[in-house]
Amino acid sequence: MKPKKDHILDVRGTIIPITLLKVTHAFREMNPGETIEILIGDGDTREDLFKVLPASFYEVIEVKEEESFCRISLKKEPGSLRGR
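Read on for an overview of the structure. Since the structure is predicted, the reported quantities are computational estimates derived from the model, not experimental observations.

Observations concerning the overall build of the protein chain
Now for step 1: Of the regular secondary structure elements, the protein chain holds two helices and four strands.
Now for step 2: Ordered by position from N to C terminus, the α and β elements of the protein chain give β-α-β-α-β-β.
Now for step 3: Relative to the globule expectation of 12 Å for 84 residues, the C-alpha radius of gyration of the protein chain, 12 Å, shows essentially globular dimensions.
Now for step 4: With respect to the three principal axes, the spread of C-alpha positions in the protein chain is 35 × 30 × 20 Å.
Now for step 5: Relative to its full complement of 84 residues, the protein chain shows a buried share of 33%.
Now for step 6: Sequence separation of at least 24 residues holds for 66% of the intrachain contacts in the protein chain that already meet a minimum separation of 6.
Now for step 7: A total accessible area of about 5,100 Å² is found for the protein chain, and carbon and sulfur atoms account for 53% of it.
Now for step 8: Where the 14 positive side-chain charges of the protein chain centre and where its 15 negative ones centre are 5 Å apart.

Written out as C-alpha coordinates, the structure is:
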(Lines give C-alpha, C1' and ligand atoms only; values in the text may rest on other atoms or scores of the structure.)
Protein backbone atom coordinates (compact mmCIF):
# COMPACT_ATOMS: atom_id res chain seq x y z
CA MET A 1 0.00 0.00 0.00
CA LYS A 2 1.39 3.40 -1.00
CA PRO A 3 1.49 6.14 1.61
CA LYS A 4 -1.09 8.92 1.28
CA LYS A 5 0.17 12.14 -0.30
CA ASP A 6 -0.78 15.29 1.61
CA HIS A 7 -0.14 17.53 -1.41
CA ILE A 8 0.13 17.08 -5.18
CA LEU A 9 1.81 19.68 -7.37
CA ASP A 10 1.65 19.32 -11.15
CA VAL A 11 4.26 21.56 -12.78
CA ARG A 12 4.47 19.80 -16.15
CA GLY A 13 4.69 22.32 -18.96
CA THR A 14 5.79 25.17 -16.67
CA ILE A 15 9.06 26.98 -17.37
CA ILE A 16 11.87 26.08 -14.98
CA PRO A 17 12.08 29.31 -12.91
CA ILE A 18 8.31 29.27 -12.28
CA THR A 19 8.40 25.55 -11.51
CA LEU A 20 11.10 26.01 -8.89
CA LEU A 21 9.26 28.96 -7.37
CA LYS A 22 6.03 26.95 -7.11
CA VAL A 23 7.81 23.96 -5.58
CA THR A 24 9.68 26.00 -2.95
CA HIS A 25 6.50 27.89 -2.08
CA ALA A 26 4.46 24.70 -1.71
CA PHE A 27 7.23 23.10 0.35
CA ARG A 28 7.49 26.13 2.64
CA GLU A 29 3.73 25.99 3.32
CA MET A 30 3.87 22.30 4.30
CA ASN A 31 4.13 21.15 7.90
CA PRO A 32 6.94 18.79 8.96
CA GLY A 33 5.98 15.18 8.34
CA GLU A 34 3.69 16.00 5.41
CA THR A 35 4.35 14.58 1.95
CA ILE A 36 4.14 16.09 -1.50
CA GLU A 37 4.02 14.44 -4.90
CA ILE A 38 5.50 16.63 -7.63
CA LEU A 39 4.79 15.87 -11.30
CA ILE A 40 7.64 17.17 -13.49
CA GLY A 41 7.88 17.09 -17.27
CA ASP A 42 11.62 17.27 -17.95
CA GLY A 43 14.91 16.03 -16.50
CA ASP A 44 16.54 19.46 -16.20
CA THR A 45 13.79 20.62 -13.88
CA ARG A 46 14.18 17.50 -11.74
CA GLU A 47 17.92 18.13 -11.33
CA ASP A 48 17.33 21.79 -10.44
CA LEU A 49 14.63 20.84 -7.93
CA PHE A 50 17.14 18.95 -5.81
CA LYS A 51 19.50 21.94 -5.97
CA VAL A 52 16.98 24.47 -4.58
CA LEU A 53 15.75 22.27 -1.72
CA PRO A 54 18.55 21.46 0.73
CA ALA A 55 18.85 17.70 1.22
CA SER A 56 18.41 17.99 5.00
CA PHE A 57 14.93 19.50 4.50
CA TYR A 58 13.30 16.44 2.93
CA GLU A 59 13.32 12.68 2.59
CA VAL A 60 12.89 11.23 -0.90
CA ILE A 61 10.01 8.77 -0.71
CA GLU A 62 9.88 7.82 -4.39
CA VAL A 63 11.13 8.89 -7.80
CA LYS A 64 9.18 7.19 -10.56
CA GLU A 65 9.70 7.72 -14.27
CA GLU A 66 6.45 7.60 -16.22
CA GLU A 67 6.21 7.61 -20.01
CA SER A 68 6.29 11.39 -20.45
CA PHE A 69 6.95 12.77 -16.96
CA CYS A 70 8.41 12.00 -13.54
CA ARG A 71 6.72 11.62 -10.15
CA ILE A 72 8.77 12.74 -7.17
CA SER A 73 7.45 12.15 -3.67
CA LEU A 74 9.08 14.00 -0.79
CA LYS A 75 8.45 14.10 2.95
CA LYS A 76 9.22 17.34 4.77
CA GLU A 77 11.64 16.86 7.66
CA PRO A 78 11.39 18.60 11.05
CA GLY A 79 13.47 21.76 11.27
CA SER A 80 13.22 22.52 7.54
CA LEU A 81 11.72 25.60 5.92
CA ARG A 82 9.09 27.24 8.10
CA GLY A 83 5.68 25.53 8.01
CA ARG A 84 2.26 27.05 8.54
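Let's pick the thread back up.
Side note on the pattern of salt bridges
Now for step 1: As enumerated under the stated definition, the model contains six salt bridges in all.
Now for step 2: Between Asp 10 and Arg 12 there is a salt bridge whose closest N-O contact spans 2.6 Å.
Now for step 3: What makes Asp 10 partly exposed here is its relative accessible area of 39%.
Now for step 4: Of the charged contacts, one joins Lys 64 and Glu 66 as a salt bridge, the two residues approaching to 3.9 Å between their closest N and O atoms.
Now for step 5: Salt bridges linked by common partners bring Glu 37, Lys 64, Glu 66 and Arg 71 together as one network.

Focus: the packing of aromatic side chains
Now for step 1: Under the definition given, this model contains one aromatic pair.
Now for step 2: For the pair Phe 50 and Tyr 58, a centre-to-centre distance of 5.9 Å together with 40 degrees between the ring planes defines the contact as tilted.
Now for step 3: Residue Tyr 58 is classed as buried on the basis of its relative accessible area, which comes to 11%.
Now for step 4: Directly above the ring of Phe 69 sits Arg 12, whose terminal nitrogen or CZ lies 4.4 Å from the centroid.
Now for step 5: The side chain of Lys 76 reaches across the aromatic face of Phe 27, ending 5.4 Å from its centre.

What counts as what
Residues numbered from 1 in each chain as written. Predicted model: local features only at pLDDT ≥ 70, side-chain atom pairs only at ≥ 80, totals over all residues. Heavy atoms only, no water. Helix = DSSP H or I, 4+ residues; strand = E, 2+ residues; numbered from the N terminus. Rg over C-alpha atoms; globule rule 2.2 N^0.38 Å. Buried < 20%, exposed > 50% of the residue type's maximum accessible area, 1.4 Å probe, protein only. Contact = heavy atoms within 4.5 Å. Areas by Shrake-Rupley, 256 points an atom, 1.4 Å probe, with all protein chains shown as cover. Lys, Arg positive; Asp, Glu negative; His and termini not counted. Charge placed at Lys NZ, Arg CZ, Asp CG, Glu CD. Salt bridge = Lys/Arg side-chain N within 4 Å of Asp/Glu carboxyl O. Phe/Tyr/Trp six-rings, centres within 6.5 Å; stacked < 30°, edge-to-face > 60°. Lys NZ or Arg CZ within 6 Å of the ring centre and 35° of its normal.

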